[in-house]
Amino acid sequence: MCGIIGFAGYKNAPEALLNGLSELEYRGYDSAGIACFSDGVIKVLKSVGKVSNLRKELPPDLLSFCGIGHTRWATHGGVSKVNAHPHTFGCVTLIHNGIIENYHELELILKQQGKFPISQTDSEIAAMLIDSFYQGNAYTAIRDAVLQFSGSYAFCIMFSDQPETIYCIRKGSPLVCCCSEQGSIVASDMVALLRYSKDYFVLPELQIAKVTRNSILVTDLEGQECTPKLLSITWDLSSAQKNGFKHYMLKEIYEQPESLRRTIMPRLRKTDDDSVLLLPDFTEDNIPDSLFSNINRIIITACGTAMHAGLIGRILLERLLRIPVSVEIASEFRYENPILDKYTLVITVSQSGETADTLAALRLAKNLGAKTLSIVNVKGSSIARESNAVFYTHAGPEIAVASTKAYTSQLAAFYLIAFRFAYLTKLQTDTQCSLLSSKLFHIIPDVEQVLMLADKVKKISRNLISATDLFFIGRGLDYALSCEGSIKLKEITYIHSEAYAAGELKHGTLSLVTEGVPVIALATQPDVFSKMISNIKEVRARGAFVICITTQDAVIDPTLYDQKLILPPIDPLFAPFCTAILLQLLAYYTSLLRGLDVDQPRNLAKSVTVE
Ligand code: M6R
């Protein structure tokens, strides 16, 4: 949700900013802009649309060594040049990621002082307020202004009389910083720092970073100097590039054998050298065993695809632990006054670790005394830092807006957590937990095999390109996967799609299934297979175009489907990893064949840091 970058250094700032914005563009791509100190004054350049448009407008002779850049996902105010960032008022030029919720009240106060904004944005109001407090001391102006803001923000601020200097502050929205030989850099996401350094720190909330070419000085609001904790990443710039793939999404789909290996392998250990038992071990993750003791209820809360991973997690945890597990949409959960206590384990799931609703749900759970565990991909993110314990998924950077490898890594995390939980609480025998753990490890070759079906999936997706509506149906684990298949397809193909528990269709939705309407029927689970076949017959009888995903040993009357995709031989409990990849490929190729922007679908952004 908006990408921001600040650079103060020894190389050409406009180039550094534009490169950073291209790397951050997945966070928002309605408009883009930069502001740079050049010849002692701040020069601002903005354009509507993608960063490539801004690049075209860059004057070749703009020489600068310090500046800020922004790529926007519109919240307040439509997509226009005037609403694009940076915003300038008086001495202040800033970029903002987040929402100032009380901007209207602040605007009224400023208007009474005779100050009027020119844009419709909350961010310009922030610039106006900071400017109104500025009398040469950036720290006091920023402090006095942020004390009046409610909402979330990450700001990079330049003052016209303080050349070559950027001030930053954040609350709720991310901001990471690094120093390198080429200068000092701050950004919304580590991907924009990668070309400079693998060592970075997360700017702590409500601390001010003063960024100059040689240093980043961090102080709290009282002016005390602080030393944020240094973190480092193991991946390099190539992990965040396309590496010959046409799209990030396709690259990330193909990375799944590796991302699963990275998530699963470090957590599987033999109980001792002579043992044949292979079990999940969370010692390196610092997840204490006590987190799983005295738990009588689990709540999983997340948004979008991460929530869909939770739907699979629920089934697995309930099957193995026989305790109640529910999945709550974070934006609902946070306002529902939930009933939680110290016997409740709340698991939050988030690729970015910054999703505003998931973060709020986590904070609520902690306040109500529940134990909290998060499954997060981005190291040092807010959700990871604020949970009692964190399970990092090690999927590597995920750039495409449509989540793929992060989802399957989240599934792997749930499997490992369920097996560890069952082992510790003795709800399954050690042998059973070990058997399940080794089956998890063996999904990696199965996933590799499924990727070989890509050409077949591409051919099948030709049948979907002119659809206006379609349905995904399944039961049990396959229903949870239907939800994921449906969101993936609709977000990047713009085809209206819905997921249904197959047995629910005849309670209303079947009226929408007419001649030629595509129905993607998932039939991989033996316990509900015969019921699923009955549901396929129901849609077939209404003329549906059926694409069936099933297992090798399943016998299905060929008149019941038009196309069939078969999973490699796999224990049905582990089939979701393979089914998910087929659904990702189906969405990818349908979007590609419709000629759409696969990686940056309209209206969406990768990381949703606003409510
Ligand atoms: O970063 P998060 O995992 O918290 O993001 C949650 C959702 O916004 C995200 O999964 C979204 O639904 C994806 N674009 C779906 O592909």
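These numbers were taken from a predicted model, which means no experiment stands behind them. (Residues numbered from 1 in each chain as written. Predicted model: local features only at pLDDT ≥ 70, side-chain atom pairs only at ≥ 80, totals over all residues. Heavy atoms only, no water.)

So, about the site of the ligand. In the vicinity of the ligand there are 14 residues, among which Ser 350, Gln 351, Ser 352, Thr 355 and Glu 491 approach most closely. In the environment of the ligand, an oxygen atom lies 3.2 Å from a nitrogen or oxygen atom belonging to the backbone of Thr 305. Within the side chain of Ser 350, a nitrogen or oxygen atom sits 2.6 Å from an oxygen atom of the ligand. For the ligand, whose free accessible area comes to 410 Å², the fraction covered by protein is 91%. Looking at the shell around the ligand, the elements with two or more residues in it are helix H8 (304–321) and helix H16 (477–493). Class assignment of the residues belonging to the shell around the ligand gives a composition of five nonpolar, seven polar and two charged. For the shell around the ligand, the domains that each give at least three residues are domain 2 (248–441) and domain 3 (454–593). (Near = heavy atom within 4 Å. Polar contact = N/O pair within 3.5 Å; in protein donor to acceptor, adjacent residues only side chain to side chain. Areas by Shrake-Rupley, 256 points an atom, 1.4 Å probe, with all protein chains shown as cover. Helix = DSSP H or I, 4+ residues; strand = E, 2+ residues; numbered from the N terminus. Nonpolar A, V, L, I, M, F, W, Y, C, P; charged D, E, K, R; others polar. Domains from an automatic or database assignment.)

It is worth spelling out the pattern of salt bridges at this point. Counted by the stated rule, this structure contains 26 salt bridges. For Asp 285, the salt bridge identified is with Arg 267, shortest N-O distance 2.7 Å. Of the two residues, Asp 285 is situated in the loop between strand S16 (278–280) and strand S17 (297–302) and Arg 267 in the loop between helix H7 (256–264) and strand S15 (268–270); the sequence distance between them amounts to 18 residues. Comparing Asp 285 with Arg 267 shows no difference in burial state: the two are buried. Lys 606 serves as the salt-bridge partner of Glu 398, at 2.6 Å between the closest nitrogen and oxygen. Of the two residues, Glu 398 sits in the loop between strand S21 (389–392) and helix H12 (405–424) while Lys 606 sits in the segment after helix H18 (575–593), which places them 208 residues apart along the sequence. Accessibility assignment for this pair places Glu 398 and Lys 606 in one class, buried. In this structure, a network of salt bridges that share partners links the residues Arg 170, Glu 205, Arg 363 and Glu 386. (Salt bridge = Lys/Arg side-chain N within 4 Å of Asp/Glu carboxyl O. Buried < 20%, exposed > 50% of the residue type's maximum accessible area, 1.4 Å probe, protein only.)

Applying the stated criterion across every chain, the model contains one cavity of 30 Å³ or more. As for the largest cavity, its lining consists of Cys 2, Arg 72, Trp 73, Thr 75, His 76, His 85, His 96, Gly 98, Thr 121, Asp 122 and Ser 123. Residue assignment for the lining of the largest cavity shows that the elements contributing at least two residues are strand S6 (92–100) and helix H4 (122–133). Classifying every residue of the lining of the largest cavity gives two nonpolar, seven polar and two charged. (1 Å grid on protein atoms, 1.4 Å probe; cavity = no way out; pocket = protein on both sides within 12 Å on 5 of 7 lines; lining within 4 Å. Points joined across faces, edges and corners; volume = space filled by probe spheres on them.)

We note that the domain assignment places domain 1 (3–233), domain 2 (248–441) and domain 3 (454–593) within the protein chain. Once you take the C-alpha centre of each, domain 1 and domain 3 turn out to be 45 Å apart.

A separate point is the pairing of strand S7 (residues 151–159). Across the nine residues of S7, nine count as buried, placing the element largely inside the fold. Side chains Gly 151, Tyr 153, Phe 155, Ile 157 and Phe 159 of S7 all project onto a buried face; the interleaved residues Ser 152, Ala 154, Cys 156 and Met 158 project onto the opposite face, where all are buried too. Sheet topology note: the S6/S7 ladder contains nine bridges and is antiparallel. Residue pairing for S7: Leu 94 is matched across the bridge by Ile 157. Bridge count for S7 against strand S8 (residues 166–171) is four bridges, and the pairing is antiparallel. What sits directly across from Ile 157, in S8, is Tyr 167. Between S7 and the antiparallel strand that follows it, S8, lie six residues; Glu 164 among them carries a positive phi value of about 60°. (Pairing = 2+ DSSP bridges.)

With that settled, the discussion passes to helix H13 (residues 430–441). A rise of 1.5 Å per residue sets the reference length of H13, with its 12 residues, at 16 Å; its end C-alpha atoms lie 17 Å apart and thus fit the reference within 8%. Within the span of H13, buried status applies to Cys 433, Ser 434, Leu 436, Ser 437 and Leu 440. Down the axis, H13 shows its buried residues gathered within 165° of arc, on one side only. (Expected span 1.5 Å × (residues − 1). Arc of directions from axis to C-beta.)

Looking now at the packing of H7 against helix H14 (residues 443–451). What describes two packed helices is the angle between their axes and the distance between those same axes. Closest axis-to-axis distance for the H7/H14 pair is 9 Å, and the angle between their directions is 165°. Regarding the angle of H7 to H14, the classification is roughly antiparallel. Our pair here, H7 against H14, has a crossing hand that is right-handed. For the pair H7 and H14, the contacting residues are Gln 256, Pro 257, Leu 260, Arg 261 and Ile 264 in the first and Ile 443, Ile 444, Val 447, Glu 448 and Leu 451 in the second. (Axes fitted to C-alpha atoms, helices over the stretch in contact; angles between N-to-C directions. Parallel < 35°, antiparallel > 145°, perpendicular 65-115°, else oblique. Left-handed = near helix turned anticlockwise from the far one by under 90°. Contact = heavy atoms within 4.5 Å.)

Time to look at the packing of aromatic side chains. The final tally for this structure, using the stated rule, is 17 aromatic pairs. Measuring from ring centre to ring centre gives 5.4 Å for Tyr 415 and Phe 574, while their planes differ by 35°; the resulting arrangement is tilted. Of the two residues, Tyr 415 is situated in helix H12 and Phe 574 in the loop between strand S26 (563–566) and H18; the sequence distance between them amounts to 159 residues. Each member of the pair, Tyr 415 as well as Phe 574, carries the same accessibility label: buried. Between Tyr 588 and Tyr 589 the ring centres are 5.0 Å apart and the planes differ by 75°, which places this aromatic pair in the edge-to-face class. The pair formed by Tyr 588 and Tyr 589 is uniform in burial state, with each residue classed as buried. An aromatic cluster of at least three residues, connected via ring pairs, comprises Tyr 134, Tyr 139, Phe 159 and Tyr 167. The residue whose ring lies beneath Arg 213 is Phe 65, and the NZ or CZ to ring-centre distance is 5.9 Å. Seen from the ring of Tyr 494, Arg 602 lies directly overhead, with NZ or CZ sitting 3.8 Å from the centre. (Phe/Tyr/Trp six-rings, centres within 6.5 Å; stacked < 30°, edge-to-face > 60°. Lys NZ or Arg CZ within 6 Å of the ring centre and 35° of its normal.)

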